[in-house]
Structure formats: structure tokens, C-alpha cells
Amino acid sequence: MKISRRKALLAGVVGVAMLAGGPSFAADKPLTILESVPGLTFPFFVHMMNQMKAEAEKLGGITVVESDGQVSSPKQTADIEAAIAQGVDGIVISPNEVDAMAPALQEAVDAKIPVVTIDRRVDKVPGILAHVGADNVKGGEAQGELIMKLFPDGATIFNLQGQSGASPAIDRNKGLHNVLDKAADKYKIVFEQTAGFDRAKGLSVTEAALAGESNPPDVIVAANDDMILGAIEALKARNLTNVKTIGFDALPEALAQIRGGTLTATIEQMPGGQSRLAVDTLVAFLRDGKQPENKVTLLTPIAITQENLDKAERIGEVK
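Here the structure is a predicted model, which means the values were calculated and not measured.

(A) Local environment of the nonpolar core. One finds Ile62, Val92, Val116, Leu160 and Ile220 to be the most contacted residues of the largest nonpolar core, which totals 55 residues. Setting aside chain neighbours within four positions, we find leucine 160 in contact with Phe191, Gln193, Gly202, Val205, Thr206, Ile220, Val221, Ala222, Ala223, Met227 and Ala231. If you look at the next biggest cluster of nonpolar residues, it comprises 20 residues, including Leu34, Ala83, Ala108 and Val115.

(B) Quick look at the packing of aromatic side chains. Considering all chains together, one arrives at three aromatic pairs under this definition. Look at phenylalanine 42 and phenylalanine 45: their rings are 6.1 Å apart centre to centre, the planes differ by 85 degrees, and that puts the pair in the edge-to-face class. The pair formed by phenylalanine 42 and phenylalanine 45 is uniform in burial state, with each residue classed as buried. Aromatic pair phenylalanine 158 and phenylalanine 191: ring centres 5.4 Å apart, planes at 55 degrees, arrangement tilted. Of this pair, phenylalanine 158 sits in strand β7 (residues 155–161) while phenylalanine 191 sits in strand β8 (residues 187–194), placing them 33 residues apart in sequence. An aromatic cluster is built from Phe42, Phe44 and Phe45, whose rings are joined through pairwise contacts.

(C) Spotlight on the packing of helix α2 (residues 43–59) against helix α10 (residues 271–288). Running from N to C, α2 and α10 point in directions that differ by 40 degrees, and their axes come no closer than 8 Å. Regarding the angle of α2 to α10, the classification is oblique. Crossing geometry of α2 relative to α10 is assigned as right-handed. Residues Phe44, His47, Met48, Gln51, Met52, Glu55, Ala56 and Leu59 of α2 pack against Pro271, Gly272, Gln274, Ser275, Arg276, Val279, Asp280, Val283 and Arg287 of α10.

(D) Representation of the side chain of glutamine 269 in the model. Mapped onto the elements, glutamine 269 comes out in the loop between β11 (266–268) and α10. Residue classification places glutamine 269 among the buried positions, given a relative accessible area of 0%. Within polar-contact distance, the side chain of glutamine 269 engages the side chain of aspartate 249 at 2.8 Å. The residues touching glutamine 269, leaving out its near neighbours within four places in the chain, are Phe44, Asp119, Ala134, Asn136, Arg172, Phe248, Asp249, Gln274, Leu299 and Pro301.

(E) Representation of the sheet that holds β7. Within the open sheet, the four strands sit side by side as β8-β7-β9-β10. Their pairing is parallel. The strands lining the two open edges of the sheet, one partner per strand, are β8 and β10 (244–246). Neighbouring strand axes in the sheet, compared pairwise and without regard to direction, differ in orientation by 20 degrees on average. Bridge count between β7 and strand β9 (residues 219–222): four bridges; the pairing is parallel. Note on β9: the bridge partner recorded for leucine 160 is alanine 222.

Rules used throughout
- Residues numbered from 1 in each chain as written.
- Predicted model: local features only at pLDDT ≥ 70, side-chain atom pairs only at ≥ 80, totals over all residues.
- Heavy atoms only, no water.
- Core = buried A, V, L, I, M, F, W, Y, C linked by side-chain atoms within 4.5 Å.
- Buried < 20%, exposed > 50% of the residue type's maximum accessible area, 1.4 Å probe, protein only.
- Contact = heavy atoms within 4.5 Å.
- Phe/Tyr/Trp six-rings, centres within 6.5 Å; stacked < 30°, edge-to-face > 60°.
- Helix = DSSP H or I, 4+ residues; strand = E, 2+ residues; numbered from the N terminus.
- Axes fitted to C-alpha atoms, helices over the stretch in contact; angles between N-to-C directions.
- Parallel < 35°, antiparallel > 145°, perpendicular 65-115°, else oblique.
- Left-handed = near helix turned anticlockwise from the far one by under 90°.
- Polar contact = N/O pair within 3.5 Å; in protein donor to acceptor, adjacent residues only side chain to side chain.
- Pairing = 2+ DSSP bridges.

None of this, on its own, says anything about what the molecule does.
Next comes the structure, spelled out in C-alpha cells:
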């Protein structure tokens, strides 16, 4: 579909920053790339955006069109349409919702603009150049396996699910159930609800769950660190310091709380590694015509506890 310049201007909430310097890549062809994440209110996506921009700067000669999806698929769609009208050379994107973003990404593919998805995979769009992410099913399984290790005789569990429609939320929940459902007689999920990857919702949903249950759970598991950090506040308010807590994403704040003994564990999915590889894959194709060796590259997440904090990607940011 053809996008008018007027529409591009109306959608012109996309920020543009010129990144220069660093070693050149291949033919040193100047490029303009849209880099888009679901929302820069989330520390995880701030880190991911910063890593993408840093990699573009290292490669050199790349203008980055930065897109904050503001947790809105219409907003992220408008940013893609504006970028298509602008004539960007390529797109690296973590889609806000995999189904809702499919039409805009199909439009980009139809316009011969290479697309690399990151973190969240969009299977319904044929022609996407590559996907780089974490194996979120295995990440969820790592959470379940850790619960079994911590509670070999069984446990009651609160499960805070992520944003509905987001592939990481779906896959992490699937992985958790893959493990726990095999021993459902011992490992009972007594409360399960989405908290939208949001800290405030993690707090309020946990408060409601604690009020509705006669006994506190043995463990609370969440699909990201923001939700589990909110849940910890709810536990503190009730002086429930013995409840184990497991997050996902290995944010510096979460790592600090693991070191301090407040958070039991988190799952490391190497977002910086994902981000850099996604940019490298796109630029190699645009400058050298190099097809990715694998259309889908999934890094394997690991559980981070006090015993292996040194394995966390962002441990250097913990003060």
C-alpha cells in the first residue's frame, strides 16, 4: 500500500539520530535503519534499544530512526508506515503484539525492505529476513526446573503472566507449564493471571491474590522482572519474607536484589547479545547481500541465582 508524505508527517513521532564513527562494515554503504521496541518505559527495552544503537555506531555510517512503540500496536504501526514512506533501508523490530503488528511488517516486506525481528517472533509474515531472540519456552522451563529444585517435595505457586498476545509471555508460560504440569499433584499453581509485564500491576495483582488465598504461596514466579519486583513489594507489606520469588530478564535492579537476598532468581536471556546480532544480520545483508545462516536464531536462557551472578549479562551495571 502506498503511504502519502502527509501521513508520514502525521506519524512523525519517530526520533532520528545520526550515529557516526567506529569501524566501517564491508563496503561502508550509508544506511538508514528503523529500530523499534514495544515501549521505552520498560528498562529491558531501553537496554535493548541502547545496544542496537551502539552496534549501529560501531559499524558506522548508519542513521538510526528510533521508534518507541509506547506499548501501542497502532503507534508502532504508524512508525513503520512512516519509515516506509521515508525510504529506510531496513528494519529491526521487537513487535508490541505479534498478530497486530503482522500487517505493517508485511507492508514493509512487500516494499522490499528487509526486516529482522528481535525478541518477539512474527510467524505470520512470510519473507522476514531473520529472527533473533531467546528460546522463551526454555526460559519458562528453567523457571519450572528451579522451582522443583527449591521445593523437591512440592510447592504452591502464584504465576504472574506477561502481556496478552506477546509471544514471550505465551512461550514463557508454556515452558513453565511444560515442567510443572508433569507433576501437577505436587506443584500446584493456585493463582495465575496476567500482570501485563508491568510493575504496578505486579504489585496490585499480587495483593489481590494474597487477599484471596487463605495461605501464602511457597513461590511466586513472573514472566519478567518488573512484575516480580512489584510482587515483592506486596509480600513486604504483609511481612511474607519466606516466599521465594523468580523473575525473568536479569535487569540490573533484579540482580542487585538477588545479591542482597530479596529476590531468589531471574532468567538471563542476553538481550544485548540479541540486539547486536540482529543489527549485524541486517547490515550484513544490506551491505554484502549476505543471507543469514539461520532464519531463526534462539539463545538459550539460564537461571541466575546468588551462586552464578557472574553469568549475568548486565552484572557490571549493578552498583
